[in-house]
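# Coordinate analysis (summary)
In case you want the letters, here they are:
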Amino acid sequence: MSEELAIKKNENNEIAKRGAGPARQQRWLRPRYDVRQLDGGDYVLRVWMPGVDKGGASISLDNNTLSITGSRERYWDEGWSPVLRELPEGDYRLSLTLNMRVDGDRIRAHVENGILTLDLPLAEEAKPREIAIH
Amino acid sequence: MKLVRYEHPESALANGFDNWFRRMFGDFGSFANLGGGLAGAMNTNSDPSDVGLHADLFEADGAYHASFALPGLTKDDVKVELVNSVLTVSGEFSDTHGESERKMAFSRSLALPDGVDPGKISAEMRNGMLHITMSKTEERKPLAIDVK
């Protein structure tokens, strides 16, 4: 499948960053995601980030590294006493290495119902093209 | 969102969809397990949390607050029921990605430790999270007695 080849998670990178964090440790969650390639070659990435709204998500592309963070809404008050805590604490962070050239100017993102969807259009030079024979 | 008649969580929909929820919320599941304690201990066979829909439950002054992670779902996909202090969240929806479409279902029940006033429950879907607020019945609330 193309998705396995196209995008590789920066496992080492994330661990390194976590280890070098400041004293007040930020807890990061790695969100679930999937990738689909459209007929034209462009990619669509979906990232599951329940509790994150439009303003809480940030996306950056540095060379071929796509970084996504999502800060979750805090839905409980200090004074509440926990009876059951199964949902993890922390914000989301995902760092992906793209092995194709993406047109950064045309990346489109939207968040709906806690899922971030990113349209990743291939850069023109990365698209397959037919060579005419004269 | 509506309150409807209670069905036993082990019946019908509740079973057989465990795997999907593990895939869907895999990380949530594993993080909850890493936390150990209650969540870890509850992830055994036949336990309600085995369906993989994880929850937070808080007790506040006169109320309970329950939260569930249901990314991608809208209020029309979710059903909330309360019977005899057992709160059940369930639903069905389809996950569409390109041409592929999968039908999904889930169910999770929480036994509330104390009486809840059935007339005073509110539920809201917000950014893929379901938040439910339930008021305790009057007689369960701490009562200050004037000493004469």
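Keep in mind it's a predicted model, so treat the numbers as computed, not measured. (Residues numbered from 1 in each chain as written. Chains lettered and ligands numbered in written order. Predicted model: local features only at pLDDT ≥ 70, side-chain atom pairs only at ≥ 80, totals over all residues. Heavy atoms only, no water.)

## Structural notes on the overall build of chain A
Of the regular secondary structure elements, chain A holds 2 helices and 10 strands. Secondary structure elements in chain A, listed N-terminal to C-terminal, are α-β-α-β-β-β-β-β-β-β-β-β. Split into buried and exposed, the 134 residues of chain A put 40% on the buried side. Put simply, chain A shows about 8100 Å² of open surface, and 46% of that area lies on carbon and sulfur atoms. (Helix = DSSP H or I, 4+ residues; strand = E, 2+ residues; numbered from the N terminus. Buried < 20%, exposed > 50% of the residue type's maximum accessible area, 1.4 Å probe, protein only. Areas by Shrake-Rupley, 256 points an atom, 1.4 Å probe, with all protein chains shown as cover.)

## Here we look at the overall build of chain B
Secondary structure summary: chain B contains 3 helices and 7 strands in total. Listed by position from the N terminus, the elements making up chain B come as α-α-α-β-β-β-β-β-β-β. Residues classed as buried in chain B amount to 47% of the 148 residues present. Of the roughly 7700 Å² of accessible surface on chain B, a fraction of 50% belongs to carbon and sulfur atoms.

## Quick notes on the confidence of the model for chain B
All names here are of chain B. Chain-level statistics for chain B give a pLDDT mean of 71 and a share of 64% at 70 or above. Mean pLDDT per element in chain B: helix H3 (residues 37-42) is the minimum at 30, and strand S2 (residues 63-69) is the maximum at 95. Interface predicted TM-score (ipTM) for the complex: 0.76; the corresponding pTM is 0.70. (pLDDT = per-residue confidence, 0-100.)

## Digging into the interface of chain B and chain A
Taken together, the contacts link 38 residues of chain B with 31 residues of chain A. Between chain B and chain A, a total of about 3200 Å² is buried, with carbon and sulfur atoms accounting for 59% of that surface. There are 3 salt bridges connecting chain B and chain A. Our count for the contact surface shared by chain B and chain A stands at 12 residue pairs in polar contact (both at pLDDT 80 or more). Within the residue set of the side of chain B that touches chain A, elements represented by two or more residues are helix H1 (18-24), helix H2 (26-34), H3, strand S1 (55-60), S2, strand S4 (86-97), strand S5 (100-111) and strand S7 (129-136) of chain B. The element that contributes the greatest number of residues to the side of chain B that touches chain A is S1 of chain B, accounting for 6 residues. A breakdown of the residues in the side of chain B that touches chain A according to their chemical character gives 18 nonpolar, 12 polar and 8 charged. (Contact = heavy atoms within 4.5 Å. Buried area = accessible area lost by both parts, 1.4 Å probe. Salt bridge = Lys/Arg side-chain N within 4 Å of Asp/Glu carboxyl O. Polar contact = N/O pair within 3.5 Å; in protein donor to acceptor, adjacent residues only side chain to side chain. Nonpolar A, V, L, I, M, F, W, Y, C, P; charged D, E, K, R; others polar.)

## A few points about the pattern of salt bridges
Inspection of every chain in the model, using the stated rule, returns 10 salt bridges over all chains. One continuous salt-bridge network, built from bridges that share partners, spans Glu73 of chain A together with Glu124 and Arg126 of chain B.

## Some points on the sheet that holds strand S3 (residues 78-83) of chain B
Residue and element names in this part refer to chain B. Spatially, the 3 strands line up as an open sheet ordered S3-S4-S5, and their pairing is antiparallel. The open sheet has two edge strands with one neighbour each: S3 and S5. Sheet twist, expressed as the average angle between the axes of neighbouring strands with direction ignored, equals 10 degrees. Pairing geometry for S4 and S5, over 12 bridges, is antiparallel. Within S5, the position partnered with Thr88 by the bridge is Ser109. (Pairing = 2+ DSSP bridges. Axes fitted to C-alpha atoms, helices over the stretch in contact; angles between N-to-C directions.)

## Thoughts on the side chain of Arg72 of chain A
Residues and elements named next belong to chain A. Assignment of secondary structure puts Arg72 in the loop between strand S6 (65-70) and strand S7 (81-85). Despite being buried, Arg72 has no salt bridge partner; Asp91 is the closest side chain of opposite charge, sitting 5.8 Å away. Within the structure, the side chain of Arg72 is placed 2.5 Å from the backbone oxygen of Pro88, a separation counted as a polar contact. (Lys, Arg positive; Asp, Glu negative; His and termini not counted.)

## Overview of the nonpolar core
Among the nonpolar cores identified, the biggest contains 24 residues, and Phe68, Leu70 and Val89 of chain B are the most heavily contacted of them. At the level of elements, S1, S2, S3, S4, S5, strand S6 (116-126) and S7 of chain B are the ones that each hand at least two residues to this core. (Core = buried A, V, L, I, M, F, W, Y, C linked by side-chain atoms within 4.5 Å.)

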